[in-house]
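Overview (structure and organization)
These are the residues of each chain, in order.
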Amino acid sequence: MLLIPCPWCGPRSEPEFQFGGEPATRPVPAAEVSDAAWGAYLYVRSNEKGPHRELWCHAGGCGQWFLMERDTVTHAVLRTHKPGAAA
Amino acid sequence: MRYSFLQLLKQGLSGQTGWPPAWRSPEPKRSYDAVIVGGGGHGLAAAYYLARVHGMRRVAVLERGWLGGGNTGRNTTIVRSNYFFPESARIYDFALRLYEGLSKELNFNIMLSQRGVLNLAHSEHDMELMARSVNAMLVNGIAVELLDAKQVRAEVPLLNFGPGARYPIHGGFVQRRGGIARHDAVAWGYARGADSLGVDIIQNCEVTGFRIEGGRVQGIETSRGAIAAGAVGLSVAGHSGVLAGLAGFRLPIQSYALQAMVSEPLKPMLNTVVMSPATGMYVSQSDKGELVFGGGLDLYPSYAQRGNLPVEQTVVAGLLEMFPAFRRLKLLRQWAGIVDVCWDYSPIIGPAPVDGMYLNCGWGTGGFKAIPAGGWLMAHLLATGRHHDISAPFDLSRFTTGRLIDEAAGAAIAH
Amino acid sequence: MADLARHPVAARIEAPGLVVTTRAPAGQWLVTGTDMEPNTRAGTDPYALWLAPGRRLVVADTPAPAPDDTFVSDVTDGLVLIEIIGSRSMDLLAMGCPLDPLSLPQGACAQTLFAGIRVVLYRHGAAVRMHVERPLASWLLDWFRQAATSLR
Amino acid sequence: MRRLPDGSRIARAAPVAFTWEGRPMQGLAGDTLASALLANGVRVVGRSFKYHRPRGIFGAWAEEPNAILDLSWQDRAGIARHDPNARATMVELLPGMAARGVNGWPSVERDVYGLIDLAHRFLPAGFYYKTFMAPDWHRYEPGIRRMAGLGRLHDSADPLRYETRHAHCDVLVVGGGPAGIAAARAAAASGLRVMLVDDRAAWGGSLLWQGGTIDDRPATEWVADSIAGLAEATLLPRTTVFGWYDHNALGLLERRTAAAAGWAEDRLWHVRARQVVLATGAIERPLVFPDNDRPGVMSAAAVLQYLREYAVLAGERVLVATNNDTAYDTVLALCAAGAAVTVADARTDPGPAARRAAEAGARIRAGSVVAGVGGRRGIRWAEVAPLASLSTRERLPADLVAVSGGWSPAVHLFSQSGGKLRWDEAEAAFLPATPRPGQHLAGALAGAASLAACLAGGHRAGLAAARALDRHVDLAPPRAPDTPAPAPIQALWHLPLRGTRQWIDFQNDVTVKDVALAAAENYASVEHLKRYTTLGMATDQGKTSNVNGLAALAAFTGREIPQVGTTTFRPPFVPVSLGAMAGLRHSALHTPIRHLPAHAEHLADGAEMREYGVWLRPACYPRAGETVAQAIQREAAAVRTQAGLFDGSSLGKIEVHGPDAAAFLNLIYYNEVATLKPGRIRYCLLLRETGTVLDDGVVARIAPDRYLLSPSSSHTGAVLAMLELWHQTEYPSLRVAFHDVTAAWATLAVSGPRSRDILRRLHTGIDLSDAALAHMSLAHGTIEDLPGRIARVSFTGERSYEISVPAGYGAALWQHLLTLGRDDGITPYGIESLSVLRAEKGYILIGTDSDGMTLPDDLGMSGPLRAKKVDFVGKRSLLTPDATRPDRRQFVGLLPADPGFVPAVGTHAVVQEGGARRSIGWITTSAHSPALGRSIALGMIERGRALADAGAEVELFHLGQASRAVVTAPCFHDPAGEKLHG
């Protein structure tokens, strides 16, 4: 049962959160993006075994999105921070 | 030595000490014509069919831990082919047909029990979506029956038809040929078969890198030395991303924990596999008498084979909503596999971005039921370098063309 | 002109050491504008509860004018206020919510899941107050009725 | 076996009547079911899983492999309860309990299936993999299944509620023995929130039967004082910590002695602890020797516990077989109770403990082992032999063989937490290696061999836990007299006796020969051994068998024990009732459901309520004697001809505000929304990044910097999350905010030709003229003195007005509008009726007509892709090869060839290709249309629009039945929309 430190609300239990995928910046403008690049943006994942950069939402709490670095083997939460803050 | 009742009797008279090893534990040779990474059901089946169908003899399977120890040994053992799209129906039904002959083919009883797989509908809307799926399957040549509430109750009287039911049962659909099989026996059967045809199954042998020259794979670095290979097949499920990384490319795969649970063993009481996507659970009773049940994925990426408590309680709550009589039964054990999930819940089969390397992965929650087909199609790729027509639609390129095979969307229920 | 009646969601649930009642606040407003310390409560009547950066819920027990800020939405009828009081109230909260009561001193507020539903939770004098979306109120009150029987 | 008159806490407790196999018996208050059975001389309590050999009670607590019984009883609230697989050693005896053996017919005492044991030679481990293949497994499976399984499910549904409780503490101490109490005492002294948990009813753990002195007083006094001193802590007896989950979250199962009426005594706890002290003790290992599975072979520690705690003497002529000193406590106790005791100590020089035992009257056989036992449903004799020459046997009369093969620390929770184990050769046990963060180990778990070591270790662990939370305490540790170090254990595994059957897993019937077979067939990994032989897969999960099994595997594969390693420890530590796992989440409370503001009114008006998405909403309002289908036709016809009233309050209402609101929404929505004029409304789609349609709904502009979005009822949450995601991560600089006000408003739709006539009777300041309030526009104002708005939006295809007032007034407005419209035939209509009306108009229902693959162009909406320049969500996905292929399924109408036949939703359209059918799409909506007086349908068909233009006919297929239909444009009624603008 993960204990995740929401950057606003502090440590909260796992059911209050939703995993939102791996953070990725969308390639723009649409007209100049190849099918392969667009497919990679939509579907390809780093899927790291170990420290992994993730997007999460404190859906059951303040509803804010934040970034988390989490170890996908030990589930240790290495750090969480507000989007845009020091990545 | 052939397995049979007579052989059991003969061996019984001499203290059962005459049985040969089911497979050898050979030292890895320096080079093979084909090397398959991943000693689970898919990898072992591919090695078996390479030797059996394509007559190849210099084949190796490299397994990081003990054979059959990954998802093959951690799933809820359901086999079925009730899929929506023709491409999916063909691959899963090809697997089911192979399963139907597998005990004889491998001379190893995999205990295929075709007791029927029943999906439940909990609203009129569910019934309409179910009719869409059933018709798709019938058109695909998969025999399934749409049942109304009365028929479902006759099939599984233990189900919750009580007045206070939060998810009243409006009906369902059943594939009679679906059922369960003994998961370990599938891995062991294929391992014994492949070994008997000269395949080297090398356990405790972790792949640490690939030797790639000119865009083509030449060999593999392992914890037990370097191995040269004419062709390399990857069947490592949840670890597909890790292996791809070693070979210098990425995959459209996210690895999640998928939990499974068993209850204490009881006398026979449930004779069908029951799946209720709406309450997030599916259940069957093993031949030893345990209820074997599971549900949806844990909702964040993980390589830890344990699973989390919230999803476990959600699955148990779903099981009890469908079977109130089970409330007093006790949970005996809980564990998880690491499944490789694609966006469209369909597998990736075909050449990898590195020449001479081939992929059979992305099966997500549905890998066990597809083992024979995944193995056969990987063998075809490794032996011929070309797609079999059943595997072509599942090529990695679909994530560039956008031509996905989205079973979840098609059937409108997570499967 | 018809005088349309207002139907509040009302309930009172009692058990040894526990009283759960609904309150009808005079006003509730969802406000975006000036920020406040996260997860705190400011003021007595009306008072403000932090919801998100730059967003708060203003609650008035007695009639008060709408707050003045950049973006104000009247949600008086949209949230039902449930008050839980009594020596066993912490036991009841512990049945529905993973939050540590110690992380909710006077002056703090928290948005969390109670019986799986999003609520805003905070202390109000000796009581604990909880706001829940109106459509879910009857289900949650049914949950309270059933849970409260465990205290008998 | 008999009850002694005194010498234990419960010797003189009140009698408790119970029945075993229907026979009345008597135990004492404080007995477990197991101790009561032993006191009544019951030997055989079960039958083993495969060979159906008789099984007797072996252990005394959670490790018990054999006494798994079918138990019926009434709980303290008088509710009939049943447990098909109750572990007798952990059941507190209650009056009226009825226990029966399982897996034996006609009884476990006399079991016909016991004959199977005669064929044991032909039934080795995994025999079923080697046979049962002809004709196939289905022939043999039913018989095998009947033989398998233990208890039988009673069909009496369990009416009770199960409680779940969350708790938090600074230091959780698992285990209430000497080490645990010392740790809790030390941690609590620092003022921290401490929780002490033990699975027994009484505190003290092994002190309950081993005694000893602490701080110069009887240990039990120290226990009582320490527990009294922990008044501030949370004390949970009768509670098992069954699972260690991420981030120091633990699962506990409490077996309360009393619960409120209607509630089960099982209570599940979720505990989050900042620090955890594990003091979970150790489990005694059986010895492995021929026929060691006979009833009457028991754990030496269990024999001591039955004697000291329950005054039950398990045997009069006892052979105690051991390889370590701990068994000598049992020997001394048995001698004191008057039993004739012989000790077979595998060690050639057993040391001082053996000398003390000899002085107490025990006969010592050093360097000897128990080499065999006689008797089938009980022990008649036992044979002792020197380890060095096993064939020279000395047969002794015996009715009990108490065995101790050493102790395995209970590392289950430590291992679940990710802790690694190390093999300790001297202790002949797997000990925890380094503790995990926030974790402290103490007592027998950490290898402490004496009471003094347990107390010191526990005290240190408690202080360390407090120190980790910056609390420094100086508290004198509890002291116990130093005892001389025990003589070292001599590892003793199975005996090298060919042709004998030596049991490792009593419940699943796994013998040493089975391990040898697995090794010979190269199932050489410990995990293969477990799965191939089912060793450790029974309801005791290998607590007494795992180490003996892997030691045998090491011997047969020429490896050391640490090289073989253990299998994985998984929750739960003891089986946990599924009801407790689910808690209150069942029946109505399983998942939340939302009610409309006018919920009570709908029920009063006879609505058939159904669940749509997360809302409970009226499907239709059948009148007396009317079927649902008839009601739907009547309601739909009324809307077309007069007027209807519909509760649309569940439709999403998201207010968007800010100087950049227009620019932001334009980057999100598929349609152009920045050019929308205030007061106007536009029907828009929202796409996922994959281009597929997430939701549709109307967007209303209130003011230059304010919009009101109306997503569909079941997608409001997803839409709000999407807006927040894009704003917070991709466009944080845009000044815009979102308020979900869905629940604050009731929205009732009056639809039909007479709709405006009805509204004119409403007291409102809003100008209802078409000039002022055209179709797809809205106006704010007062309605019956209430703040509100009216939007002219139609999903029926008729002139329609959506009236919104604060939610509290929704019920009153519903009644009021019905009254105002009575003369104009206003008729409440539900979702199913609305579905017919919108189907006549060919309006799409997202999630019914569309699915997870549908793109805007499939629905005939390709305009914005060409017109909009900005990169809205999903845009690039509309340009991929798959998005632009010509054979995509498109949204069309279908008119069945037989106008009286309504094709089922889910019917497929098929073509014949190469002798086989291929699906080219399916019907998503169908109905008998009152407006057209015939059947209509909507669907998604490959190249649908081209087929519609050509008026082509397609073959339909539903469950084997064929029919035909003409493909048309989706709109069947008033295509020009004159009724809307009127």
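Residues numbered from 1 in each chain as written. Chains lettered and ligands numbered in written order. Predicted model: local features only at pLDDT ≥ 70, side-chain atom pairs only at ≥ 80, totals over all residues. Heavy atoms only, no water.

If you check an unreviewed UniProt entry, chain C appears there as Sarcosine oxidase subunit gamma from Limobrevibacterium gyesilva.

By the naming in an unreviewed UniProt entry, chain A goes by Sarcosine oxidase subunit delta and is assigned to Limobrevibacterium gyesilva.

**Brief notes about the environment of D:Ala952**
Residues and elements named next belong to chain D. One can find alanine 952 in the loop between helix H24 (944–949) and strand E52 (953–958). Placed 926 residues apart in sequence, alanine 952 and glutamine 26 show a C-alpha to C-alpha distance of 85 Å. Residues contacting alanine 952, with those up to four places away along its chain left out, are Leu947, Ala965, Val966 and Val967. (Helix = DSSP H or I, 4+ residues; strand = E, 2+ residues; numbered from the N terminus. Contact = heavy atoms within 4.5 Å.)

**Thoughts on the packing of helix H3 (residues 86–106) of chain B against helix H6 (residues 183–196) of chain B**
All names here are of chain B. The N-to-C vectors of H3 and H6 enclose an angle of 45 degrees; their axes lie 10 Å apart at closest approach. When the axis of H3 is compared with that of H6, the two are oblique. At the point where H3 passes H6, the crossing takes the left-handed sense. Contacts from Tyr99, Leu102 and Leu106 of H3 reach H6 at Val186, Gly189, Tyr190 and Arg192. (Axes fitted to C-alpha atoms, helices over the stretch in contact; angles between N-to-C directions. Parallel < 35°, antiparallel > 145°, perpendicular 65-115°, else oblique. Left-handed = near helix turned anticlockwise from the far one by under 90°.)

**Notes on the pattern of salt bridges**
This structure, assessed with the given rule, holds 92 salt bridges over all chains. Note that B:Lys330 is salt-bridged to B:Glu264, the shortest N-O span being 3.5 Å. With a gap of 66 residues between them, B:Lys330 in strand E16 (residues 330–341) and B:Glu264 in the loop between strand E12 (254–263) and strand E13 (273–276) connect regions that are remote in the sequence. Each member of the pair, B:Lys330 as well as B:Glu264, is classed as buried. The network of salt bridges with common partners includes C:Arg88, C:Asp91, D:Glu163, D:Arg165, D:Glu254, D:Arg256 and D:Arg267. (Salt bridge = Lys/Arg side-chain N within 4 Å of Asp/Glu carboxyl O. Buried < 20%, exposed > 50% of the residue type's maximum accessible area, 1.4 Å probe, protein only.)

**Focus: the interface of chain C and chain D**
Contact with chain C, which involves 42 residues of that partner, is made by 43 residues of chain D. Summed over both partners, the interface of chain C with chain D comes to about 3800 Å²; 61% of that surface belongs to carbon and sulfur atoms. The largest per-residue losses of area from chain C upon contact with chain D belong to C:Leu4, C:Phe71 and C:Trp139, which jointly make up 19% of the total buried on that side. Note that C:Arg55 is salt-bridged to D:Glu724, the shortest N-O span being 3.3 Å. Taken together, chain C and chain D are joined by 21 residue pairs in polar contact (both at pLDDT 80 or more). For the side of chain C that touches chain D, the secondary-structure elements that each account for two or more residues are strand E3 (27–32), strand E7 (71–74), helix H1 (89–96) and helix H2 (134–148) of chain C. A class-by-class count of the residues in the side of chain C that touches chain D yields 22 nonpolar, 10 polar and 10 charged. (Buried area = accessible area lost by both parts, 1.4 Å probe. Polar contact = N/O pair within 3.5 Å; in protein donor to acceptor, adjacent residues only side chain to side chain. Nonpolar A, V, L, I, M, F, W, Y, C, P; charged D, E, K, R; others polar.)

**Details of the sheet that holds strand E6 (residues 77–81) of chain A**
Strand order in the open sheet formed by 4 strands is E3-E4-E5-E6 (chain A), with antiparallel pairing between adjacent strands. Each edge of the open sheet is held by one strand with a lone partner, namely strand E3 (18–19) and E6 of chain A. Sheet topology note: the E3(A)/strand E4 (residues 51–57) of chain A ladder contains 2 bridges and is antiparallel. Counterpart to A:Phe19 in the pairing with E4(A) is A:Trp56. In the packing of helix H19 (residues 716–730) of chain D onto the sheet, the strands contacted are E4 and strand E5 (65–71) of chain A, and the crossing angle to E5(A) comes to about 80 degrees. (Pairing = 2+ DSSP bridges.)

**A short note on the sheet that holds strand E5 (residues 47–52) of chain C**
Remark on secondary structure: sheet strands pair via backbone hydrogen bonds, oriented parallel or antiparallel. Taken together, 5 strands build an open sheet; the order of strands is E4-E5-E6-E3-E7 (chain C) and the sheet is antiparallel. One side of each edge strand has no neighbouring strand; the edge strands of this open sheet are strand E4 (41–42) and E7 of chain C.

**Quick word on the packing of aromatic side chains**
All names here are of chain D. All told, the structure shown has 46 aromatic pairs over all chains when counted by the stated rule. Judged by centre distance (6.3 Å) and plane angle (85 degrees), the rings of phenylalanine 664 and tyrosine 731 are edge-to-face. Pair noted here: phenylalanine 664 is in helix H18 (residues 661–668) and tyrosine 731 is in the loop between H19 and strand E42 (737–740), with a separation of 67 residues, a long-range link. Across the pair, exposure class does not vary: phenylalanine 664 and tyrosine 731 are buried alike. A ring pair is formed by phenylalanine 664 and phenylalanine 738, whose centres lie 5.4 Å apart and whose planes are at 45 degrees; its orientation type is tilted. Highlighted residues: phenylalanine 664 in helix H18 and phenylalanine 738 in strand E42, separated in sequence by 74 residues. (Phe/Tyr/Trp six-rings, centres within 6.5 Å; stacked < 30°, edge-to-face > 60°.)

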